[in-house]
Amino acid sequence: LKTTPSPSRAQQDAALLCNADGSGRGMTWTNYIESTYRNRDYKATCATSYYTLISRVNPDAILLNDLFAGTARMQVTSESQHLSLTVPSAIRLWDQKLPIIPDPRTNGTSFLGFTRAYIGDPDVFTIVLLESSDGVSFTEVRPIFTVPLGHTFYDAHIAVDNGVCPTRYVMSMECVGSDGWASLCTSETSTPWFPESWSNPFILVNGCSGDMSATCHTNAKQSASTGVSLVDGATRYTAWTQVYDGVSSSDPLAHTYSQCTGPIASYSKYFGNVMAGTAPIANMLPSEPHPY
């Protein structure tokens, strides 16, 4: 049988890591984890049963198909439960989104949450990791990303990729793209409870700033906002809210709609921009005029 690395070996290797912001010498945390899993002395097994969010599906569990079949429904606002978020690193909180996953360390008896934290002007956010024992009260562990000057990360979405071993967790978030416009970034890890293990955000889909740049070649402003990811076995998809601001603030065509694409090769391989990429782009929801 293979064996796990000894504590002394793990401590020795961890001492060779570079800093979380990429400075210094040594491996990144992601590279270290990958090298550990590739080590022939490391024991790694993956279950092949039907899993959802890492937990085995019970015979009587409510599935997404039940929602579409009409045998299950989403709770209405009056039935929802108020959540408590304690985020000391945030200057303030409002309009929070909170994707939640069962903590893999506890077999789903506790939870991990991810939300944005406002950390300064103008409109600078980062993503923070939270923990909860009951799925209702969440407390910050610490911020996941150091935000470079001119950037921001917010409105995270978490997808679980069981098509690889070990299980990979994919975070999609809004970020600042190559043209300085709202874009879709991704980050990945196999140990989501370690903030430092998440890879640096990678621009997957670029938004268009409307300056006829080499990125989009258009004078219309179009964002790739509030991205999400979906993994179906070994097939990967991504989607985003495309805010079309047109060529001026009075453009009558200004509207918002939902776009999706896939299959894509990887969440760490550049797809393209909101107009064209490595796979066809499909419209999921009809456009809605802007509210102004």
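Here, residues in each chain are numbered from 1, in the same order as that chain's written sequence. The predicted nature of this model means local features are confined to residues of pLDDT at least 70 and side-chain atom pairs, given and counted, to a pLDDT of 80 or more, with totals for whole chains, interfaces and linings taken over all residues. Just so you know, side-chain values use all the structure's heavy atoms and leave hydrogens and water out.

Asker: Would you mind showing me how to read the pattern of salt bridges here?
Answerer: Pairing is possible between side chains of opposite charge, provided their charged atoms come close. Salt bridges, as used here, are contacts in which a Lys or Arg side-chain nitrogen is within 4 Å of a carboxyl oxygen on Asp or Glu. One pass over the full model with this rule turns up nine salt bridges. Between Arg168 and Asp161 there is a salt bridge whose closest N-O contact spans 3.7 Å. Through salt bridges with shared partners, a single network forms among Asp95, Lys97, Arg116 and Asp155.

Asker: I tried to follow the nonpolar core on my own but got confused; where do I start?
Answerer: Soluble, globular proteins show a tendency: their nonpolar side chains are buried together. If you look at the biggest cluster of nonpolar residues, it comprises 20 residues, and the most contacted ones within it are Phe114, Ile127, Ile144, Phe145, Met171 and Trp198. When residues of this core are traced back to their parent elements, those giving at least two are strand E5 (111–120), strand E6 (124–132), strand E8 (154–161) and strand E9 (168–176). No other element matches E9, which puts four residues into this core. Any two residues whose heavy atoms approach within 4.5 Å are treated as being in contact. Not counting the four nearest positions on each side in its chain, Ile144 is found in contact with Phe114, Ile127, Val128, Leu129, Met171, Pro195 and Trp198. Ranked by size, the runner-up nonpolar core spans 15 residues in total, among them Cys208, Cys216, Trp240 and Val274. To qualify as a nonpolar core, a set must consist of buried Ala, Val, Leu, Ile, Met, Phe, Trp, Tyr and Cys residues joined through side-chain atoms within 4.5 Å. Note on classification: 1.4 Å probe, protein chains only; a residue is buried when its accessible area is under 20% of the maximum for its type, exposed when over 50%, partly exposed between these limits. In this description a helix means any DSSP run of H or I spanning at least four residues, a strand means any run of E spanning at least two, and both kinds are numbered starting from the N terminus.

Asker: In this structure, what is going on with unusual backbone geometry? I would like to understand it.
Answerer: For residues besides glycine, phi is generally negative; the peptide bonds are generally trans as well. Note the cis peptide between Gly262 and Pro263, where omega equals -5°. In this fold, Pro263 is placed in the loop between strand E15 (255–261) and strand E16 (272–273). Positive phi, close to 55°, is recorded for His217, a residue that is not glycine. Take His217: it is sitting in the loop between strand E11 (202–206) and strand E12 (221–222). Of note, Thr226 is a non-glycine position whose phi angle comes to about 40°, a positive value. Along the polypeptide, Thr226 turns up in strand E13 (residues 225–232). For Thr226, a relative accessible area of 32% translates into the label partly exposed.

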